[in-house]
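Overview (structure and organization)
Each chain, written out:
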Amino acid sequence: MNGQGTGVNPVRALLECRMPAPGETQLAAPPERLHAPLLLVLAILGRAHVLFAPDTLILGWRQADMLSVTRNFARHGYRLFWPQIDWGGAGPGYVEMEFPLLPWLGALLQRLVGPYELLPALLPLLASFGLVFAIAAVVRRVLGPAAAFWAGAFAAVSPMTAWYTATFMPDGTMVLASVLGVLFVIRWTESERWTDLVLSGVFTSLAVLLKPTALLVGLPLLYVFALAWGRTLPKQPAFWLYGVLVLLPSCLWYAHARGLYLEYGNTFGVLKGGYEKLSSLTLLVRPVFWLRIAGRTALYLLTPAVAVLWAIGLARRPTGAAGKLFHVWTAATFTYVVVVGRGNFEIAYYQLPLLPPAAALAGAALADLAGRFGRDRRARVIRFGAFGLLVLTIFGATLVHGRRVIAGTLADARRQRENGRAVAHVTPPNSLLVVTTGYGGSRKPGEIDTPPEVFAHADRRGWFVGLHWLTSDVVAARRGEGARFLVVPREALASFMGRDADALRTRYPALPAGPDVLVLDLATPGTPASATIRR
């Protein structure tokens, strides 16, 4: 359907930014026919850890939560609006969380194909490949094919992106949906088709459902709408209908999720409960806050060489109205970091939404550098060789750095999984656990999220109790509610032994779970447990 009824003034100015001159693309990037296969190869290389170690798809904190929600969907009837976790004690475990589309689809996929644990995690892995091409598609429409290729390449080999978008968590899919929302609204300004505008709204709505932080994409979207309609923007019915399409589903879902929290007390910290994710003035004035955000962005999200190109891209004066889009998008991500300061400070993958505008501006900077080759054959060969060496250095360093970052993350994640499997080996199915670690420090129970790894990998339910509030009385209370075992992972053993835990160690016997986890049998008072621990 043609969009003349939308009242849109086609944004031809959107394409007035710098576009490559004839033949320039061949100098600034590989031939266009090779862009898609090369980006696919780079994306595969960036996610090679998955090919050699498929278990990485479900290793980590959030991945463990997604695994348990998927498992509970399969066991309890595929009820999309009633997600359940394993750390809700003896209750049903209904939890306030983002819209659980991925674990629900994963559970359905398991029903169709088979109960393979890794199967649901393939969905965000596929989305991580889609993110590379979506970023390239947006940049291509605004900055041309050369910048698009480099932007997609930088997104493909980003160490943080390669890890957090290729594992079983919603953040990569959320960023993909955000980028698609921008892509289709740009297409709408050119085509005037209602279908493009509706698709933009659907993808943006999905992004906000998957993570409320996707609201940051509203600023670049508003910028495109302002270019399209100018001062008549507030008078356009299509604009307000677009807003309803984006926000209404999210409002309905998060209101329902809030009700689950109020009734059952379990939350991922989406709206309230868990630790605070928003900023405070005290946090924002601390130099360590800005140093950590800058360090993560430069070292893990972009790598140093790409971060320098991003800075160059930011400093370049944009050409035409569309050339400012990624500067506006960058401003939106900066605002997001300031508003959701504590979340960004404490959680590395909160920086993922910075990737699309950063990769776009870095790609534009590199394409501009490459496009300056002279027409003289000899000069072009020399400069092209130097440029090729630069590119190989950038991507070689990025991939090596990515392997180091991922290797460090995997070591800890695999240890958590092995702890869970050791617990599963010595405890009966359906038994309730009390898991204790030092996570949260001195914070109160309602101020932290719950570490889910032991529960998910052991396939057991129960309660988390932080070491700083673990007492014999607390254990006795949980025991009265049905807790059968107390679990202390290796990283918490030293603190546990150093506390006033003699009553627990002497009253309850330890099970032979191995050197990396202590499991006390709360149902059988008897032999002291301390002698079974390898220190």
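An account of the accompanying structure is given in this report. (Residues numbered from 1 in each chain as written. Predicted model: local features only at pLDDT ≥ 70, side-chain atom pairs only at ≥ 80, totals over all residues. Heavy atoms only, no water.)

The helix and strand tally for the chain stands at 23 helices and four strands. Within the chain, counting contacts between residues at least 6 apart in sequence, those at least 24 apart form 76% of the total. Surface summary for the chain: the accessible area is close to 22,500 Å², and the carbon and sulfur share equals 64%. (Helix = DSSP H or I, 4+ residues; strand = E, 2+ residues; numbered from the N terminus. Contact = heavy atoms within 4.5 Å. Areas by Shrake-Rupley, 256 points an atom, 1.4 Å probe, with all protein chains shown as cover.)

Moving on, we come to the pattern of salt bridges. Applying the stated criterion across every chain yields a total of 17 salt bridges. Measuring nitrogen to oxygen at the nearest pair gives 2.8 Å for the salt bridge that ties R62 to E98. A residue pair is termed long-range when its members are at least 10 positions apart, and R62 in helix α4 (residues 61-76) and E98 in the loop between α4 and α5 (101-113) qualify at 36 residues. Accessibility classification places R62 together with E98 in one group, the buried group. Within this structure, R71, R75, D86, E117 and D459 form a network of salt bridges that share partners. (Salt bridge = Lys/Arg side-chain N within 4 Å of Asp/Glu carboxyl O. Buried < 20%, exposed > 50% of the residue type's maximum accessible area, 1.4 Å probe, protein only.)

Turning next to the pairing of strand β2 (residues 461-464). Strand direction decides the pairing type here: strand β1 (residues 432-435) and β2, joined by four bridges, are parallel. Along β2, the bridge assignment pairs V435 with F464. The parallel pair β1 and β2, bridged by helix α20 (residues 453-458), forms a crossover whose chirality is right-handed. (Pairing = 2+ DSSP bridges. Right-handed = clockwise from strand over helix to strand, strands pointing away.)

This brings us to the pairing of β1. The alternating pattern of β1 places L432 and V434 on one face and L433 and V435 on the opposite face, and all of these are buried. Bridge count between β1 and strand β3 (residues 483-489): four bridges; the pairing is parallel. Directly across from V435, in β3, lies its bridge partner V487.

Right, let's get into the sheet that holds β2. Taking strand neighbours across the sheet as the criterion, the four strands line up as β2-β1-β3-β4 in an open arrangement whose pairing is mixed. With one partner strand each, in any of the chains shown, β2 and β4 (517-521) form the two edges of the open sheet. Taken over all neighbouring pairs, the strand axes of this sheet differ in orientation by 25° on average, direction set aside. (Axes fitted to C-alpha atoms, helices over the stretch in contact; angles between N-to-C directions.)

Bringing the side chain of E453 into the picture now. You can see E453 is positioned in helix α20. Comment: no salt bridge for buried E453; closest opposite-charge side chain is R415, at 9.4 Å. (Lys, Arg positive; Asp, Glu negative; His and termini not counted.)

It is worth spelling out the environment of A503 at this point. Mapped onto the secondary structure, A503 falls in helix α23 (residues 502-507). What makes A503 partly exposed here is its relative accessible area of 39%. Residues A503 and S472, spaced 31 residues apart in sequence, show a C-alpha to C-alpha distance of 7.0 Å.

To continue, consider the packing of aromatic side chains. With the rule as written, the count across this model stands at 23 aromatic pairs. Relative to W150, the ring of F149 lies with its centre 4.9 Å away and its plane at 70°, an arrangement referred to as edge-to-face. Residue F149 is classed as buried on the basis of its relative accessible area, which comes to 4%. Take W150: its relative accessible area is 5%, and that puts it in the buried class. With a centroid separation of 5.2 Å and 75° between ring planes, the pair formed by F239 and W240 is classed as edge-to-face. (Phe/Tyr/Trp six-rings, centres within 6.5 Å; stacked < 30°, edge-to-face > 60°.)

Judged by nonpolar contacts, the single largest core of 109 residues is most densely connected at I135, V139, F225 and F326. With residues near it in sequence (within four places) discarded, F326 still touches V138, V139, V142, L143, P357, A360 and L361. F73, I85, L433 and L520 belong to the second-largest nonpolar core, a separate cluster that totals 52 residues. (Core = buried A, V, L, I, M, F, W, Y, C linked by side-chain atoms within 4.5 Å.)

Each turn of an α-helix holds 3.6 residues, which means side chains three or four residues apart point in the same direction. Compared with an ideal rise of 1.5 Å per residue, which puts 28 residues at 40 Å, helix α12 (residues 237-264) spans 40 Å between its outermost C-alpha atoms and is within 8% of the ideal. Those residues of α12 not exposed but buried are A238, F239, Y242, V246, S250, W253, Y254, A257 and L260. Looking at the buried side of α12, the elements it contacts are α10 (194-210) and α11 (218-229). Two residues or fewer after α12 comes G265, characterised by a positive phi angle close to 80°. (Expected span 1.5 Å × (residues − 1).)

Time to look at unusual backbone geometry. Positioned with a positive phi, Y78 is a non-glycine residue whose angle comes to about 55°. Residue position: Y78 is located in the loop between α4 and α5. The backbone of N430 sits at a positive phi, close to 70°, despite the residue not being glycine. Tracing the sequence through the fold places N430 in the loop between α19 (377-426) and β1. On the basis of relative accessible area, N430 is assigned to the exposed category, the value being 73%.

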